[in-house]
Amino acid sequence: MPDFPAATPRARVRVPLRFHDGYGVDAELVTFHGLVDGQEHVAMVLGDPAPGTAPLVRLHSECLTGDVFGSARCDCGPQLREAVERIADRGGVLLYLRQEGRGIGLYNKLDAYALQDQGLDTYEANAALGLPEDARDYTAAAQMLKALGIDELDLLSNNPDKAQQLRGLDLGVRHRVPTGVFTTAHNVRYLRAKVLQTQHTLPLPELTELQKLQELPKLTGITAG
C-alpha cells in the first residue's frame, strides 16, 4: 500500500470556460490542502458520470507555451481543449498539474527548445542539460483524486507511465483512452520522439509503416544478417 498523506479540498468555485473556437462549458475548480509537492495544482470537475460508470480523468501537465500562447511546437494546447470537451460530455476530472516541461520548469524547457533547434530530440535535449527525460511524479495527482472520492477511473492519455504510476499509487485505472493526434509541421519530431522513446500511443503514419517493416522479419522467419 503506498504511503503518502491524504489531501483535502481547500476551496471550490464555479468558472465558465470559453475557448477560442467558441466552445464553452462550466467547470468546478477545486484547490487542495496537503499536496506532497507543495504546488498549486487544480482539479477541474466537468460533467456528471452516469451511475455505475468510472469518471474520465486526464492528468494535464501545465504548458504555458502551448496552453496559453498556442505554440505549434507541441500538442499540449489542442490536447487540453479536446480533453475538456470529452470529459464534460462523459463526466470526470481534468487535473491541471504545475509540471511545466515534464517537470523541469519553463526556463529549462526553453533552453531545451534551443538544443532541439540544433538537432536533438526533446529527451536528448533534457539529458544534455543534465535533467531527467521526464521528472514528473503523480503522487499529488493521486492525492487529489482520492480527496475527490475517486478510486477507479478511465485515464485519457497516450502515456503509459501515467497509468503505471497511478496504479502504483493504489488507484484503479480500468482503461487508458487515447487522445487525438494533433500534428503540425513544427511538432512532428517531438511527437515521433514520444512514440519511440517513451512508447506513447500515437498512431503517426510514418511510424506505423516503420513498425510494420520491423515486424516483417518476425512474420517471415527472416533474420538480419
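Residues numbered from 1 in each chain as written. Predicted model: local features only at pLDDT ≥ 70, side-chain atom pairs only at ≥ 80, totals over all residues. Heavy atoms only, no water.

### With respect to the environment of Ser 157
- If you trace the backbone, Ser 157 turns up in the loop between strand S6 (152–156) and helix H7 (160–168).
- What makes Ser 157 buried here is its relative accessible area of 1%.
- Considering only alpha carbons, one finds Ser 157 and Ala 83, 74 residues apart in sequence, at a separation of 9.4 Å. (Helix = DSSP H or I, 4+ residues; strand = E, 2+ residues; numbered from the N terminus. Buried < 20%, exposed > 50% of the residue type's maximum accessible area, 1.4 Å probe, protein only.)

### Observations concerning unusual backbone geometry
- The residue Arg 102 is not glycine, and still its phi comes out positive at about 55 degrees.
- Tracing the sequence through the fold places Arg 102 in helix H3 (residues 100–103).
- Judged by relative accessible area, which is 12%, Arg 102 ranks as buried.
- The phi torsion at Asp 170 lies on the positive side, around 70 degrees, for a residue other than glycine.
- Relative to the helices and strands, Asp 170 is located in the loop between H7 and strand S7 (172–177).
- With a relative accessible area of 38%, Asp 170 lands in the partly exposed category.

### A short note on the pattern of salt bridges
- All chains considered together, the criterion is met by 13 salt bridges.
- A salt bridge links Asp 117 to Arg 73; its shortest N-O distance comes to 3.2 Å. Separated by 44 residues along the polypeptide, Asp 117 in the loop between helix H4 (106–116) and helix H5 (122–128) and Arg 73 in the loop between helix H1 (64–68) and helix H2 (76–90) bring together distant segments of the chain.
- With a shortest N-O distance of 3.5 Å, Lys 146 and Asp 151 are connected by a salt bridge.
- Overall, Lys 146 belongs to the partly exposed group, its relative accessible area being 28%.
- Residue classification places Asp 151 among the partly exposed residues on the basis of a relative accessible area of 47%.
- Within the structure, one salt-bridge network assembled from shared partners comprises Asp 21, Arg 81 and Glu 85. (Salt bridge = Lys/Arg side-chain N within 4 Å of Asp/Glu carboxyl O.)

### What to know about the packing of aromatic side chains
- Under the defined criterion, the tally for this structure stands at one aromatic pair.
- Ring geometry for Phe 19 against Tyr 23: centres 6.2 Å apart, planes inclined by 35 degrees, an arrangement best described as tilted.
- Classification of Phe 19 by relative accessible area gives partly exposed; the value is 22%.
- Classification of Tyr 23 as buried rests on a relative accessible area of 17%.
- Seen from the ring of Tyr 113, Arg 73 lies directly overhead, with NZ or CZ sitting 4.2 Å from the centre. (Phe/Tyr/Trp six-rings, centres within 6.5 Å; stacked < 30°, edge-to-face > 60°. Lys NZ or Arg CZ within 6 Å of the ring centre and 35° of its normal.)

### Considering H2
- The end-to-end C-alpha distance of H2, which contains 15 residues, comes to 21 Å, matching closely the 21 Å that a straight helix rising 1.5 Å per residue would cover.
- Restricting attention to buried positions, one finds in H2 the residues Cys 76, Gly 77, Gln 79, Leu 80, Arg 81, Glu 82, Ala 83, Val 84, Ile 87 and Ala 88.
- Looking one or two residues past H2, Gly 91 carries a phi angle of roughly 100 degrees, positive in sign. (Expected span 1.5 Å × (residues − 1).)

### Quick look at the sheet that holds strand S5 (residues 92–97)
- Across the sheet, which stays open at both edges, the seven strands sit in the order S1-S2-S3-S5-S4-S6-S7 with mixed pairing between neighbours. Strands with a single pairing partner mark the edges of an open sheet, and in this sheet they are strand S1 (8–18) and S7. Each neighbouring strand pair of the sheet contributes to a mean axis angle of 30 degrees, computed without reference to strand direction.
- Alignment of strand S4 (residues 56–61) against S6, held across two bridges, turns out to be parallel. When the bridges of S6 are listed, Leu 56 appears paired with Asp 154.
- Across the face of the sheet, H2 comes into contact with S1, strand S2 (24–33), strand S3 (42–46), S4, S5, S6 and S7 while running at roughly 160 degrees to S4. (Pairing = 2+ DSSP bridges. Axes fitted to C-alpha atoms, helices over the stretch in contact; angles between N-to-C directions. Contact = heavy atoms within 4.5 Å.)

### With respect to the confidence of the model for the chain
- Confidence in the prediction of the chain, expressed as mean pLDDT, is 86, and 82% of residues score 70 or more.
- Low confidence marks residues 208–225, where pLDDT is under 50. Its contacts with residues over four positions away, or in another chain, come to four contacts. (pLDDT = per-residue confidence, 0-100.)

### A short note on the state of the cysteines
- Under the defined criterion, the tally for this structure stands at zero disulfides.
- Summary of cysteine pairing: Cys 63 is not part of a disulfide, and the nearest cysteine sulfur, belonging to Cys 76, is at 3.7 Å.
- Not part of a disulfide, Cys 76 finds its nearest cysteine sulfur in Cys 74, a span of 3.5 Å.
- Since its relative accessible area comes to 13%, Cys 76 is described here as buried. (Disulfide = S-S within 2.5 Å.)

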